[in-house]
Amino acid sequence: MPDIIVFHTAWMAKYDGDRASLSAGGFKFAAENGYGHEMLNFRNIDGMCYGYVPPTGNLHLEKHFDVPRHAETLEGATVVWTAPHPEQGGRAVTGVWRDATVFREVQHPKGKLARRRLIDGEAASYLCTAKSENCVLLEPDERPIFVRPGQPRNGQSWPGQQKVFYPKPGSPALKLLNSILKNIDLGRTSTDRRSGSKPSSNRSGWQADVERRRKIEEAAVVAVGSKLERLGFTIESVEKENLGYDLVATRNEEVLHIEVKGRSGSDVSAELTVNEFACLKNYQTQRSPNAHYRIAIVTDALNKPIINEFVMVRGQKSQWCTLDGRLRLDFEERMAARLTSVSNLETPE
């Protein structure tokens, strides 16, 4: 089994030069400057990726892996990238590198490579490399939690704030990582993709036909539930219980309460009932670390469903965004509330 090492960086959507999707978490440099050098970690440069890790000092590889004393590299490693989850906190797995080379010391690029890794005139250093074909970046809403907030240690080895973590053989952390890696591999090979045969509609998603509205809502719930199941969640429908949300999704220690809204067209907007809006506001004021409320607006639900999943970003009270930072929600209160999405990203340079 390949050696596993975990590197912790700031949260971003693509790690290919995007700044607008940054969520710094506890990373001081990223918070103060609006970017981090990890923003290039998944950029394909002539078939290779180069991974930056915030300053950690030299890695003592021989203490954790079967390599010679003072070895300069660890070859064939599996690098698991994590970042602070902007909604749930803790550490989420953002991507995985297979068959990677991890260096003892920070590497400073030169020549053409340095020019390809320039950020504001400075060449970003790196601590590991891998062929781009072996680098898997997870979509923001597909990133599983590795360490939940306030994770009890119980005498076991779990990462705290350290940017480099070496999971110990037989530890709960390593077992969970292996489970996450297995699910990622299964997800990569799955061909289960939902599609429909009915024509799309460019009209407003609101339908006067009650039966058609019912079909749209059902299709939306199925689309969201199926996606979460592919990501390893167990799904329970609570639509008839009038709780203010439709689905409960659980995976390991993660619990999501999801209100699903279906649209026949492409307009990312919806209306919440009084009860649903009260549930949303209650979550904002009494945020539970154990259950996270989400709003999933599914457009083109009867044809090719597109799921727009909104979460409340930590540190930004009442700020509801997609995890990739692409869209945010505006609220217009009537008897309850109407939700309308607006772009949340600047056009990348």
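Residues numbered from 1 in each chain as written. Predicted model: local features only at pLDDT ≥ 70, side-chain atom pairs only at ≥ 80, totals over all residues. Heavy atoms only, no water.

Draft legend 1. Spatial organisation of the nonpolar core. Ile 5, Phe 7, Leu 59, Val 79, Trp 81, Trp 97 and Val 102 are the most contacted members of the largest nonpolar core, which totals 36 residues. Elements with a minimum of two residues in this core: β1 (4-8), β3 (73-84), β4 (91-107) and β7 (126-131). In terms of residues, this core owes the most to one element, β3, which gives five residues. Other than its neighbours up to four places away in sequence, Leu 59 contacts Ile 5, Phe 7, Val 102, Phe 103, Arg 104, Leu 127, Val 164 and Tyr 166. (Core = buried A, V, L, I, M, F, W, Y, C linked by side-chain atoms within 4.5 Å. Buried < 20%, exposed > 50% of the residue type's maximum accessible area, 1.4 Å probe, protein only. Helix = DSSP H or I, 4+ residues; strand = E, 2+ residues; numbered from the N terminus. Contact = heavy atoms within 4.5 Å.)

Draft legend 2. Summary view of the environment of Pro 84. Within the secondary structure, Pro 84 is located in strand β3. Separated by 74 residues in the primary sequence, Pro 84 and Ala 10 place their C-alpha atoms 6.6 Å from one another. With sequence-adjacent residues up to four places away left out, Pro 84 is seen in contact with His 8, Thr 9, Ala 10, Trp 11, Ala 24, Gly 25, Gly 26, Phe 27 and Gly 90.

Draft legend 3. Main features of the side chain of Thr 299. Within the secondary structure, Thr 299 is located in strand β15 (residues 292-299). Those residues within four positions of Thr 299 in sequence are excluded, and the remaining contacts are Arg 263, Gly 265, Ser 266, Asp 267, Val 268, Lys 304, Pro 305, Ile 306 and Asn 308.

Draft legend 4. Representation of helix α4 (residues 210-230). For α4, built from 21 residues, the straight-helix expectation of 30 Å at 1.5 Å per residue is met to within 8% by its first-to-last C-alpha distance of 30 Å. Burial in α4 covers these residues: Ile 216, Ala 219, Ala 220, Val 221, Ala 223, Val 224, Gly 225, Lys 227 and Leu 228. Contact partners of the buried residues in α4: β11 (234-237), β12 (247-251), β13 (254-262), β15 and β16 (306-312). A positive backbone phi angle near 95° is found at Gly 232, which sits one or two residues after α4. (Expected span 1.5 Å × (residues − 1).)

Draft legend 5. The side chain of Arg 104, seen in detail. In this structure, Arg 104 sits in strand β4. In this structure Arg 104 comes out as buried when scored by relative accessible area, which is 7%. There is a polar contact of 2.8 Å between the side chain of Arg 104 and the side chain of Glu 62. Residue contacts for Arg 104: discarding those within four places in its chain leaves Gly 57, Asn 58, Leu 59, His 60, Leu 61, Glu 62, Arg 69, His 70, Ala 71, Glu 72 and Leu 127. (Polar contact = N/O pair within 3.5 Å; in protein donor to acceptor, adjacent residues only side chain to side chain.)

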